[in-house]
Structure formats: structure tokens, C-alpha cells
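Residues per chain are reported as follows:
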Amino acid sequence: MALAAGALTLSACSSGGGGGDGGKDDGPGADKNKASNYSIGTKADSTGPAPEVPGAKKGGTVGVLQRDAFQHLDPGQIYYNDMLANQMLYNRSLTSYKVDDQGKVKVVGDLATDAGTSSDGGKTWTFTLKDGIKFEDGSPVTSQDIRWGVERLYASFETEGPQYIPQWLSGDGTEFRKALPDGPYNGKHLPSSVLDTPDAKTIVFHFLAPHADAPFATAMPNIGPVKAAKDTKQKYDNAPFSTGPYKVADYKNGKSLTLVRNEAWDPRTDPIRHQYADRFEISVGHQFADSTRRFLADQGSDKNTMSYSNAVAPEMTQKVLDQPDTKARRFLEIQPYVDYISFNMDRLKDVKVRKALAYAMPNGQILQQMGGAPAGTVATNYLSPAMDGYKPTDPYGKKAKPAGDTDKARQLLKEAGKEGQEIVFAYANTDTWQKVSVVITQALERAGFKVQKKEIDANTYRSAIAEVKNKFDIYRSSWGADWPVSSTVVPPLFDGRQIADGGQNYGHLNDPAVNKEIDRINAIPDVKKAAPEWQKLADKIFTDDVPGVPTFYNSQFALWGSNLGGVRYQPVYGIADPTGVYVK
């Protein structure tokens, strides 16, 4: 899953507002993204209502200040952390994540009665829907609605969300679309031997291969119900039909979103969410400095305001730490995300040029512009330290030379006969990334590159870099494991068969040897045994193919208004969790 565009340190895992390990002034506490922090919950864990938040009250309006506009409300298209946080309020999936006060994560049944039952050696997974689950119009949610929600992911316009389930059902990469190229819209469906709904309460997935981590994949926001009569295809982005505690009341694309109570939601069915506030008023266009100033001043309606993903502005970090009243309304947590500068291999075909860029990249200076230690730590390889099988490697010497090795970069450029090579550098036009662009440009110029800077509107940046035929050479991207297994990192980022508009192979790596190795490792049934193999492959890609360079491992430093309670960290998405927020 991806970090919000141009995010500072916008996602991670955390317990609660200022409390727990993440409330320390000297940095984030335990990394809650590690596999050891996750478990599969029981049927009892999956039963609602969610445990009450101490001191919670009903009523009031929660304000949400966001920098970037939501590109999607359609759960089928959601993969960035700001949208992941937002959809928790109106969207429910077959399974989901229940987080306790210490930040421990359990995969539980959300719409389903439990986290699923496997058979056929893990190739078949069966889920039973709970009683009493309804859409916002009061009509019951059935297994046919889940089937419709899954089958619409095969349609050509559904490109930006996670594709685990359709790929596991119908083929790797983009091959799965051939099984149902028009989705369910022309009256066709997947055969029951692939996706079965034997009755209104049961849905059965028949995967091509065993998948022990299916309960994690069904927790993605797109594995849930869509009512056929309300499916407006691309326009579903404007008015998704709610199954959660809130529903869309007003949406002005690029400006604001208002969510109000969904009276058809039954808390007895929901082990995760609450419905304390009357409404959420979300507005966009707020730079980090703007939201941080407002949270620090803590005046008027800003007392009742939070952000899903806006971090404390880098230049205001110390001021927040020095202001005593912020201690109870902030958290600092390690996120599951790694920031990268991706290299467009369709344009940068010479591996020595890409290696020169990797050596020249000033990881330490980038991190400093992002806020220093509260923003994260310098990255030395592609995988997050939270991953099973992680092994610290540093092939480009980022620990020893965090400002970049311009001498080595110049040498490589000279060997390639590419001294003075022009690089088109695209970045989001946020206040933070305008500063970051300066240190990157200076480092690359010292290494012998000519840099053409290309500012892109932050609201469209994510789509712009995900176009296969984009006209940029390098651009910032970010990725975090969908769950703490590297099969949710290496294939999405580096499998050449997944290159597509809206996809996440941002460097356009298409190496047949890499693709073959991905298939080999994916076939290892024991994720523990597969883990070191993923690390070896990621390291080989970094040294041999170089489709990008990691810059830093993310943390999230968040602040909110003093009149809100129940704000805490959501470890899976690496972001502030709105599901238990209340107005004091």
C-alpha cells in the first residue's frame, strides 16, 4: 500500500494519542509493523460491538484537515494511506484489523463471522456473512453483493487498488482481467468453480494455489460488497454506497467531503468501528505548516480537528515537542513505509546511469528536509526492517555517506559516456517537496547530471507517476507492506507483468529472471522460509537492475486538537485511526 503523495512521514502504526511507546519525546517506540505484532482473531474477536473507548461521548463534528485531495472514494481504487483511513468510516470488508490499546493487531471477521476457513490445502477459503449487515438504504448485504464487489475489480477502469484476490483467482499480473474483461456489467460472472455463492450468506474463493494469508488479503478495502443497482462504475468514486457507521452526505471533488451518520449501521455487527461523532467535515488543501499551526494554536473549531495523514511540519517539530499541552494529543510511530526515488527504466536504459543516480542520492539530506529523526531513518535497501527475513545491507554506502557519493556517481557516468546527462525530476508541489527538490538537484548536479525540475500538482501527482508513458526520469514513490510479508512488497513493485497504468511498478522493471524468481518464491508455502528469499531477490534487484533507490524508512509524527478523544495510531495503514474518535 502506498503512502499519501508527498507525505512527510504519513503513515505507520501506533497506539494512542500521545500515550504508549509512541508518546516518548526521544523518538518512536516499538515497531508495531512486525509480523510478531499480528495474529488471527477468533469468532469471539469478530463479534461486535467494538470495545467502548474510555470517556467517549456522542455528538459533535470532527474536522479533518488534509493536504491532498482524495483521488478515490471507490473502495476498489483505494491503496493510499489517506484514503485507507477515510474509507474505514463508510466501507466494510470481509475481514479487517482490530487494534488494541497497545497497538497489537488481530485479523478478524468484519462482514464475515470470522477470519475465514480454509480447505483443499489452503486453495479454498469460505466466509460466512454475519446477520444484520445492511447497506445505507437498509437493504441486507448478501454474498451476491460481495461477488459483485470482487468481479467489478476485473473491469478495465479498476486499476489502482490491490489485486491480490483477483490474481489469486484468475492469474498473475494483468492476466486475471481476461477471465471477466467487462467485469459483471454485461451479465457475465466468474464460474462457481472460481467464486461461489451457494447461498445468501456464504462466499467461497477457489484460488489457483494455496494462500495461507488469505484473511489478510480479504481485509483490503476492495473485498467487500457493492450493490449492483448503485454501481455507477467510474462515478462510484463520487458516491460509494455505505456499509459503515457513516455515509457520504456531500462531496466536492478536490475540495471537501462531509460524512454523516449511517442509521442503517448496526454496531452489534461491527467489532472495530464506533459512531460517536455526528459528522466528519473533511477539507483539503492544507499544507503541513498550516495544519500544524492550527493544531498548536488550538482555537475555536480547530480544537475538534485532526488529520488522517498530515504530519507535523518539519520546521515546527521542536516547537511541538516544547509545548507541554501537546503531549496528550500527539503520537510518534514507526510506519510500514519506505520512501523511494523511482527511476523510469523505459527512459533511463543504461544501468550505470541508474547506479550513478543511486550513489548520488542524498538520503540523509532528504530525511533532514522531511523533519530529521521524527520523520524516520536513512534507508539502505528496499525492504522495511519490519519484514520477516530482513537483513541489513547497504550496497550504495548510505550509512557512511548519507549526503551521497558524488565521486562514485561521476565515475560511473564517465564510464557510461553520459556525463552531463539530463534528468527530468518530477515532484509534488508541496512546501516540503519543494525544499527536498533543491537538495536532490544540487546532489545530482554535483555528480555530473543536468536536472530539469518538473513540479506537479500534489492532487494529481499520484496518477501522473503511475502512467506507464509518463515523461519523467525520476520521481518520489513510497510503499509499505500490505501485511508484514515481503510478497506484498516485491511483486507489486518489481514484477514486470504488473506494469500498467495505475500500477505500482513505478520503475517499470521487466526482467524475466526477476519474474521467474518471484514465481518460485511465491510457490513456497511456508512464509517463514520464503522471507529470506524475498530479501535476497530485493537485494539482487537493487544491485543489478536498480529501478530506484530507497531514501528513508518512514515514521509519523501526528498532532490534533485538544477537544478530541480516541485518536490513536493504526499500525497496518500507518496513519491516524478515525474509527474511535469523539468530541469531548
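## Some words on the overall build of the chain
Moving on, step 1. Secondary structure summary: the chain contains 14 helices and 22 strands in total.
Moving on, step 2. Whereas a compact globule of 584 residues would reach a radius of gyration of roughly 25 Å, the chain reaches 23 Å, a difference of no more than 12%.
Moving on, step 3. Overall, the chain is about 70 × 55 × 40 Å in size when its C-alpha atoms are taken along their principal axes.
Moving on, step 4. Burial analysis of the chain (584 residues in total) assigns 64% to the buried set.
Moving on, step 5. Within the chain, residue pairs in contact and separated by at least 24 positions form 76% of the contacts whose partners lie at least 6 positions apart.
Moving on, step 6. Of the side chains in the chain, 69 bear a positive and 70 a negative charge, and the two mean positions are spaced by 2 Å.

## Thoughts on the side chain of Asp-31
Moving on, step 1. For Asp-31, the location among the structural elements is in the segment before strand 1 (38-40).
Moving on, step 2. Look at Asp-31: it is buried, it has no salt bridge, and the nearest opposite charge is Lys-34 at 5.4 Å.
Moving on, step 3. For Asp-31, the side chain forms a polar contact with the side chain of Asn-33, separated by 2.7 Å.

## Some details on the pairing of strand 10 (residues 256-261)
Moving on, step 1. Burial analysis of strand 10 places five of its six residues in the buried class, the great majority of the element.
Moving on, step 2. Judged from the six bridges that link them, strand 9 (residues 246-252) and strand 10 form a sheet pairing that is antiparallel. What sits directly across from Asp-250, in strand 10, is Thr-258.
Moving on, step 3. Taken together, strand 9 and the strand that follows it, strand 10, pair antiparallel across an intervening segment of three residues, in which Gly-254 is found at a positive phi of about 85°.

## As for the packing of helix 7 (residues 351-360) against helix 9 (residues 406-416)
Moving on, step 1. For the pair helix 7 and helix 9, interaxial distance at closest approach is 8 Å and the crossing angle is 170°. With respect to helix 9, the axis of helix 7 lies roughly antiparallel. Taking contact as the criterion, the partners of Lys-352, Val-353, Lys-355, Ala-356, Tyr-359 and Ala-360 in helix 7 are, on helix 9, Lys-408, Ala-409, Leu-412, Leu-413, Glu-415 and Ala-416.
Moving on, step 2. Classifying every residue of the contact of helix 7 with helix 9 gives eight nonpolar, no polar and four charged.

## Here's the deal with the packing of aromatic side chains
Moving on, step 1. This structure, assessed with the given rule, holds 26 aromatic pairs.
Moving on, step 2. Note on Tyr-79 and Trp-479: the rings are 5.0 Å apart at their centroids and 80° apart in plane angle, and the pair reads as edge-to-face. Pair noted here: Tyr-79 is in the loop between strand 2 (61-66) and helix 1 (81-87) and Trp-479 is in strand 17 (residues 474-480), with a separation of 400 residues, a long-range link. A single burial state applies to Tyr-79 and to Trp-479, both of which are buried.
Moving on, step 3. Each member of the aromatic cluster is reached from another via a ring pair, and the members are Tyr-38, Tyr-97, Phe-127, Tyr-164, Trp-168, Phe-205, Phe-207, Phe-216 and Trp-483.
Moving on, step 4. Arg-462 extends its terminal NZ or CZ atom over the ring of Tyr-80, reaching a point 4.6 Å from the ring centre.

## Considerations on helix 7
Moving on, step 1. Taken across its 10 residues, helix 7 has seven buried, putting it largely inside the fold.
Moving on, step 2. Buried within helix 7 are the following residues: Val-353, Arg-354, Ala-356, Leu-357, Ala-358, Tyr-359 and Ala-360.
Moving on, step 3. Its side-chain oxygen placed 2.8 Å from the backbone nitrogen of Lys-352, Asp-350 serves as the N-cap of helix 7.

## Some thoughts on the nonpolar core
Moving on, step 1. In terms of nonpolar packing, the biggest core is built from 154 residues, with Phe-205, Phe-280, Met-306, Tyr-308 and Phe-343 touching the most fellow members.
Moving on, step 2. Residues within four places of Phe-280 in sequence aside, it is in contact with Val-62, Val-64, Leu-89, Tyr-246, Leu-257, Thr-258, Leu-259, Tyr-308 and Pro-578.
Moving on, step 3. Judged by nonpolar contacts, the second largest core, of 13 residues, contains Leu-65, Phe-288, Ala-289 and Val-312.

## Digging into the environment of Tyr-246
Moving on, step 1. Relative to the helices and strands, Tyr-246 is located in strand 9.
Moving on, step 2. Assessed through its relative accessible area of 1%, Tyr-246 is described here as buried.
Moving on, step 3. Placed 166 residues apart in sequence, Tyr-246 and Tyr-80 show a C-alpha to C-alpha distance of 20 Å.
Moving on, step 4. Of the polar contacts made by the side chain of Tyr-246, one reaches the backbone oxygen of Ala-277; its length is 2.7 Å.

## Focus: unusual backbone geometry
Moving on, step 1. Geometrically, the link from Gly-48 to Pro-49 is a cis peptide bond, its omega value of -5° lying close to zero.
Moving on, step 2. If you trace the backbone, Pro-49 turns up in the loop between strand 1 and strand 2.
Moving on, step 3. Phi is positive for Asp-120, which is not a glycine, with a value near 55°.
Moving on, step 4. With respect to the helices and strands, the residue Asp-120 is situated in the loop between strand 5 (117-119) and strand 6 (124-128).

## Focus: empty space enclosed by the protein
Moving on, step 1. Scanning the model with the defined rule gives 13 cavities of 30 Å³ or more in all.
Moving on, step 2. What lines the largest cavity is Tyr-340, Ser-342, Tyr-382, Ser-477, Leu-493, Phe-494, Gln-504, Asn-505, Tyr-506, Gly-507, Pro-547 and Gly-548.
Moving on, step 3. Elements with a minimum of two residues in the lining of the largest cavity: strand 13 (330-343) and helix 12 (490-494).

## Thoughts on the sheet that holds strand 9
Moving on, step 1. Judged by pairing direction, the sheet is mixed, and its five strands sit side by side in the order 9-10-11-2-12 without closing on themselves. With partners counted over all chains shown, the strands left at the sheet margins are strand 9 and strand 12 (305-306), one partner each.
Moving on, step 2. In the sheet, strand 10 pairs with strand 11 (residues 279-284) via five bridges, with the strands oriented antiparallel. Across the sheet, Ser-256 pairs through a bridge with Ser-283, a residue of strand 11.

## Examining the confidence of the model for the chain
Moving on, step 1. Mean pLDDT over the chain works out to 93, with 95% of the residues at or above the 70 mark.
Moving on, step 2. Contacts for the low-pLDDT stretch residues 5-26, under 50 throughout, to residues beyond four places or in other chains number 126 contacts.

## A look at the pairing of strand 17
Moving on, step 1. Among the seven residues in strand 17, seven count as buried, and that is most of the element.
Moving on, step 2. Residue alternation in strand 17 divides its side chains into two sets, Ile-474, Arg-476, Ser-478 and Gly-480 and Tyr-475, Ser-477 and Trp-479, and both sets are buried.
Moving on, step 3. Two strands pair when backbone bridges link them, and strand 13 and strand 17 are joined in this way by seven bridges, in the antiparallel orientation. For Ile-341, the partnering residue across the bridge sits in strand 17 and is Arg-476.
Moving on, step 4. Sheet topology note: the strand 15 (residues 422-428)/strand 17 ladder contains two bridges and is parallel. From the neighbouring strand, Ala-426 faces strand 17, where its bridge partner is Tyr-475.

## Quick look at the environment of Ala-530
Moving on, step 1. Structurally, Ala-530 can be placed in helix 14 (residues 527-545).
Moving on, step 2. Placed 468 residues apart in sequence, Ala-530 and Val-62 show a C-alpha to C-alpha distance of 44 Å.

## What about helix 14?
Quick reminder: α-helices carry 3.6 residues per turn. Residues three or four places apart thus point the same way.
Moving on, step 1. Its 19 residues give helix 14 an end-to-end C-alpha distance of 25 Å, which sits within 8% of 27 Å, the value for a rise of 1.5 Å per residue.
Moving on, step 2. Listed as buried for helix 14 are Ala-530, Ala-531, Glu-533, Trp-534, Gln-535, Leu-537, Ala-538, Asp-539, Ile-541, Phe-542 and Asp-545.
Moving on, step 3. At its buried positions, helix 14 is contacted by helix 7, helix 12, helix 13 (512-522) and strand 18 (548-559).
Moving on, step 4. You can read the cap of helix 14 off the contacts: a side-chain oxygen lies 2.8 Å from the backbone nitrogen of Lys-528, and it is on Asp-526.

About the criteria used
Residues numbered from 1 in each chain as written. Predicted model: local features only at pLDDT ≥ 70, side-chain atom pairs only at ≥ 80, totals over all residues. Heavy atoms only, no water. Helix = DSSP H or I, 4+ residues; strand = E, 2+ residues; numbered from the N terminus. Rg over C-alpha atoms; globule rule 2.2 N^0.38 Å. Buried < 20%, exposed > 50% of the residue type's maximum accessible area, 1.4 Å probe, protein only. Contact = heavy atoms within 4.5 Å. Lys, Arg positive; Asp, Glu negative; His and termini not counted. Charge placed at Lys NZ, Arg CZ, Asp CG, Glu CD. Salt bridge = Lys/Arg side-chain N within 4 Å of Asp/Glu carboxyl O. Polar contact = N/O pair within 3.5 Å; in protein donor to acceptor, adjacent residues only side chain to side chain. Pairing = 2+ DSSP bridges. Axes fitted to C-alpha atoms, helices over the stretch in contact; angles between N-to-C directions. Parallel < 35°, antiparallel > 145°, perpendicular 65-115°, else oblique. Nonpolar A, V, L, I, M, F, W, Y, C, P; charged D, E, K, R; others polar. Phe/Tyr/Trp six-rings, centres within 6.5 Å; stacked < 30°, edge-to-face > 60°. Lys NZ or Arg CZ within 6 Å of the ring centre and 35° of its normal. Core = buried A, V, L, I, M, F, W, Y, C linked by side-chain atoms within 4.5 Å. 1 Å grid on protein atoms, 1.4 Å probe; cavity = no way out; pocket = protein on both sides within 12 Å on 5 of 7 lines; lining within 4 Å. Points joined across faces, edges and corners; volume = space filled by probe spheres on them. pLDDT = per-residue confidence, 0-100. Expected span 1.5 Å × (residues − 1).

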